[in-house]
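# Notes for the structure review
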Amino acid sequence: METNAISKAAAKTTTTAVTKPAGGQVAKKPTLSDQILTMMMPQEKSLKETLRGKVEYTTFCRSVCNTVLEDPKLQQAIKASPKSFFDAVRKGAEYGLEFNKTLGYAYLIPFNNKRYKDGQWEKTLEVQFQPGYRGIRKLLLDTKEVKLIDAQPVYEKEVSEGKFKLVRGINPEFKHE
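These numbers were taken from a predicted model, which means no experiment stands behind them.

The subject of this paragraph is helix α3 (residues 44–51). Taken together, the buried positions of α3 are Leu-47, Thr-50 and Leu-51. For α3, the buried positions fall inside an angular range of 95° around the axis, keeping them on one side. Tucked into the core, α3 has its buried residues touching α2 (32–40), α4 (57–70) and α6 (82–95).

What follows is the structure, given as structure tokens:
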């Protein structure tokens, strides 16, 4: 990816620029979305196989593009480590989870990591896959082995003083005393 395209995307410029080459023909400059999709094209067949109908391929790609466009630091991480980006995207495909902040199923997180290279530690910006709690919940419920997931806050003081009670069964309940 070009540094020029990354900085434009960071400024939230996602429109296609039109330029006139020497021949006088109008040429379109690819947007960051176009560049991401172009990067993903060699992976299309394997991603479709990995998704296996869990999520539509176009929906999944759109979620990747939108996530990247929203986060300038993620764009830097992709530029610094494209392999980590593809690994994270593949993991999302394996689980069938879209990258969407609203749904909260999964996230692409830019992460500073240290790698040992040529006898010394180097800081590198990489992309990591992070499932959201809603994504984990979706995966559990999709197995049909789990019928219900219930989460309630329990405060440390209640635990230490024994002031809460968990009732299990058909109607599970946390009772705070």
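On we go.
It is worth spelling out the pattern of salt bridges at this point. Under the criterion given, the structure shown has four salt bridges. Between Arg-115 and Glu-126 there is a salt bridge whose closest N-O contact spans 2.9 Å. Highlighted residues: Arg-115 in strand β3 (residues 106–117) and Glu-126 in strand β4 (residues 120–131), separated in sequence by eleven residues. Since its relative accessible area comes to 42%, Arg-115 is described here as partly exposed. The class of Glu-126 is buried, set by a relative accessible area of 10%. The salt bridge involving Asp-142 is made with Lys-138; its shortest N-O contact spans 3.1 Å. You can see Asp-142 and its partner Lys-138 sitting in helix α7 (residues 133–142), four residues apart, about one turn around the helix. Residue classification places Asp-142 among the partly exposed positions, given a relative accessible area of 46%. Owing to a relative accessible area of 24%, Lys-138 belongs among the partly exposed residues under this scheme.

Right, let's get into the environment of Leu-141. Along the chain, Leu-141 turns up in helix α7. By relative accessible area, which is 24% here, Leu-141 ends up partly exposed. Those residues in contact with Leu-141, other than ones at most four positions away along the chain, are Val-146, Lys-147, Leu-148 and Ile-149.

One broad trend across soluble globular proteins is that nonpolar side chains are buried collectively. Within the largest apolar cluster, 27 residues are counted, with the highest numbers of intra-cluster contacts made by Val-64 and Phe-85. Those elements that place two or more of their residues in this core are α2, α3, α4, α5 (72–80), α6, β3 and β4. The dominant element in this core, judged by the number of residues it contributes, is α4, at seven residues. Sequence-distant contacts of Val-64, defined by excluding residues within four places in its chain, comprise Ile-36, Met-40, Phe-85, Val-89 and Phe-99.

Consecutive side chains of a regular strand alternate in pointing toward one face of the sheet and then the other. Direction of pairing for strand β5 (residues 164–167) relative to strand β6 (residues 173–176): antiparallel, over a ladder of four bridges. Bridged to Leu-166 within β6 is Phe-174. The loop that links β5 with its antiparallel partner β6 comprises five residues; one of these, Gly-169, has a positive phi angle of about 125°.

Per the stated rule, a full pass over the model turns up five aromatic pairs. Relative to Phe-129, the ring of Tyr-95 has its centre 5.6 Å away and its plane inclined at 10°; by these criteria the two rings are stacked. Of the two residues, Tyr-95 is situated in helix α6 and Phe-129 in strand β4; the sequence distance between them amounts to 34 residues. Exposure remark for Phe-129: the relative accessible area of 13% places this residue in the buried category.

What follows deals with the packing of α2 against α6. Put simply, α2 and α6 touch, their axes get as near as 12 Å, and they point 75° apart. Here α2 lies roughly perpendicular to α6, going by the angle between them. Facing α2, whose interface residues are Ile-36, Met-39 and Met-40, α6 presents Pro-82, Phe-85, Phe-86 and Val-89. Grouping the constituent residues of the contact of α2 with α6 by class yields seven nonpolar, no polar and no charged.

Here is what the cut-offs are and how they apply
- Residues numbered from 1 in each chain as written.
- Predicted model: local features only at pLDDT ≥ 70, side-chain atom pairs only at ≥ 80, totals over all residues.
- Heavy atoms only, no water.
- Buried < 20%, exposed > 50% of the residue type's maximum accessible area, 1.4 Å probe, protein only.
- Helix = DSSP H or I, 4+ residues; strand = E, 2+ residues; numbered from the N terminus.
- Arc of directions from axis to C-beta.
- Contact = heavy atoms within 4.5 Å.
- Salt bridge = Lys/Arg side-chain N within 4 Å of Asp/Glu carboxyl O.
- Core = buried A, V, L, I, M, F, W, Y, C linked by side-chain atoms within 4.5 Å.
- Pairing = 2+ DSSP bridges.
- Phe/Tyr/Trp six-rings, centres within 6.5 Å; stacked < 30°, edge-to-face > 60°.
- Axes fitted to C-alpha atoms, helices over the stretch in contact; angles between N-to-C directions.
- Parallel < 35°, antiparallel > 145°, perpendicular 65-115°, else oblique.
- Nonpolar A, V, L, I, M, F, W, Y, C, P; charged D, E, K, R; others polar.

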